[in-house]
Amino acid sequence: MPDSRGLVCGKYDMKAVIQRVTRASVEVDGQVVGRIGIGLLVLLGVAKGDEERDLVYVVEKLHSLRIFGDDQGRMNRSLIDVGGALLVVSQFTLLGNTDKGRRPGFDLAAPPETARTLYEEVVRRLRSAGLKVETGVFGAHMQVELLNDGPVTFMLDSRRQGGNQDFKF
């Protein structure tokens with residue numbers, strides 16, 4: 001079903017793979033450029049057509065999602081509750097289309113200039129919300145290392161959003 005912009009959910013949307021980690025780091029050219037302890041590794045893909053409401057949705061979810069265990073082991077605590085950090089890494093391949101042929105197509109990914117702007121805005125808003133945020137290097141070849149806690153991994157699609165659309169960061 002198309003959204004108000006005529007885009008189909010799941011085809012054109014900001015995507016974030018969220019992994020709960022006990023530690024994660026990213027290297028570029030053999031140098032560590034970002035490192036966190038307990039927190040979330042976020043692989044972020046920006047799609048054509050993404051705009052303000054897509055990034056607001058992702059930022060709000062990362063800020064408030066309760067995916068850390070409480071005293072009973074239930075996922076009841078947020079990143080803020082556990083004093084965790086974020087490692088945000090751009091990953092256009094999340095928008096890869098493997099429906100046809102043997103080589104993925106990336107027509108759904110936003111152009112690099114647009115993707116960089118939205119990626120940097122997500123990071124800025126997370127920091128403005130008081131979160132500790134480390135990053136990779138946009139457009140670079142990176143090596144990401146993590147110790148997934150659980151494992152706990154979730155996928156966010158900005159066009160499949162529900163709940164409070166007026167939440168702003």
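Definitions and cut-offs
Residues numbered from 1 in each chain as written. Predicted model: local features only at pLDDT ≥ 70, side-chain atom pairs only at ≥ 80, totals over all residues. Heavy atoms only, no water. Helix = DSSP H or I, 4+ residues; strand = E, 2+ residues; numbered from the N terminus. Buried < 20%, exposed > 50% of the residue type's maximum accessible area, 1.4 Å probe, protein only. Contact = heavy atoms within 4.5 Å. Areas by Shrake-Rupley, 256 points an atom, 1.4 Å probe, with all protein chains shown as cover. Expected span 1.5 Å × (residues − 1). 1 Å grid on protein atoms, 1.4 Å probe; cavity = no way out; pocket = protein on both sides within 12 Å on 5 of 7 lines; lining within 4 Å. Points joined across faces, edges and corners; volume = space filled by probe spheres on them. Nonpolar A, V, L, I, M, F, W, Y, C, P; charged D, E, K, R; others polar. Phe/Tyr/Trp six-rings, centres within 6.5 Å; stacked < 30°, edge-to-face > 60°.

For the rest of this paragraph, the subject is the overall build of the protein. Within the protein, the regular secondary structure consists of three helices and eight strands. In the protein, the succession of helices and strands from N to C terminus is β-β-β-α-β-β-α-β-α-β-β. The burial tally for the protein puts 43% of its 169 residues in the buried class. Nonlocal contacts in the protein, meaning residues at least 24 apart in sequence, comprise 74% of its contacts between residues at least 6 apart. A total accessible area of about 9,200 Å² is found for the protein, and carbon and sulfur atoms account for 49% of it.

Turning to helix α1 (residues 52-64), a few remarks are in order. Spanning 13 residues, α1 covers 18 Å between terminal C-alpha atoms, matching the ideal 18 Å at 1.5 Å per step. Among the residues of α1, those classed as buried are D54, L55, V56, Y57, V58, V59, E60, L62 and H63.

Here the focus is the layout of surface pockets. Space inside the largest pocket adds up to approximately 340 Å³. Of all the elements in the fold, those that place two or more residues in the lining of the largest pocket are β3 (39-45), β6 (85-90) and α3 (112-128). Its residues assigned to classes, the lining of the largest pocket comprises twelve nonpolar, five polar and no charged.

The subject of this paragraph is the packing of aromatic side chains. What the rule picks out here adds up to two aromatic pairs. Measuring from ring centre to ring centre gives 4.9 Å for F92 and F106, while their planes differ by 65 degrees; the resulting arrangement is edge-to-face. On the criterion of sequence distance, the pair formed by F92 in the loop between β6 and α3 and F106 in the loop between β6 and α3 is long-range, its members being 14 residues apart. Ring geometry for Y119 versus F138: centroids 5.8 Å apart, planes at 45 degrees, classification tilted. With Y119 in helix α3 and F138 in the loop between β7 (132-135) and β8 (143-157), this residue pair connects regions lying 19 residues apart in the sequence. The burial state of Y119 is the same as that of F138; both residues are buried.

Structurally, S78 is set in the loop between β5 (75-77) and α2 (79-82). Judged by its relative accessible area of 7%, S78 is buried. Taking C-alpha positions, S78 is 7.4 Å from H63, a pair spaced 15 residues apart along the chain. Among residues more than four places away in sequence, those in contact with S78 are H63, S64, L65, R66 and F68.

Such coordinate-based values are descriptive only and should not be taken to indicate function.
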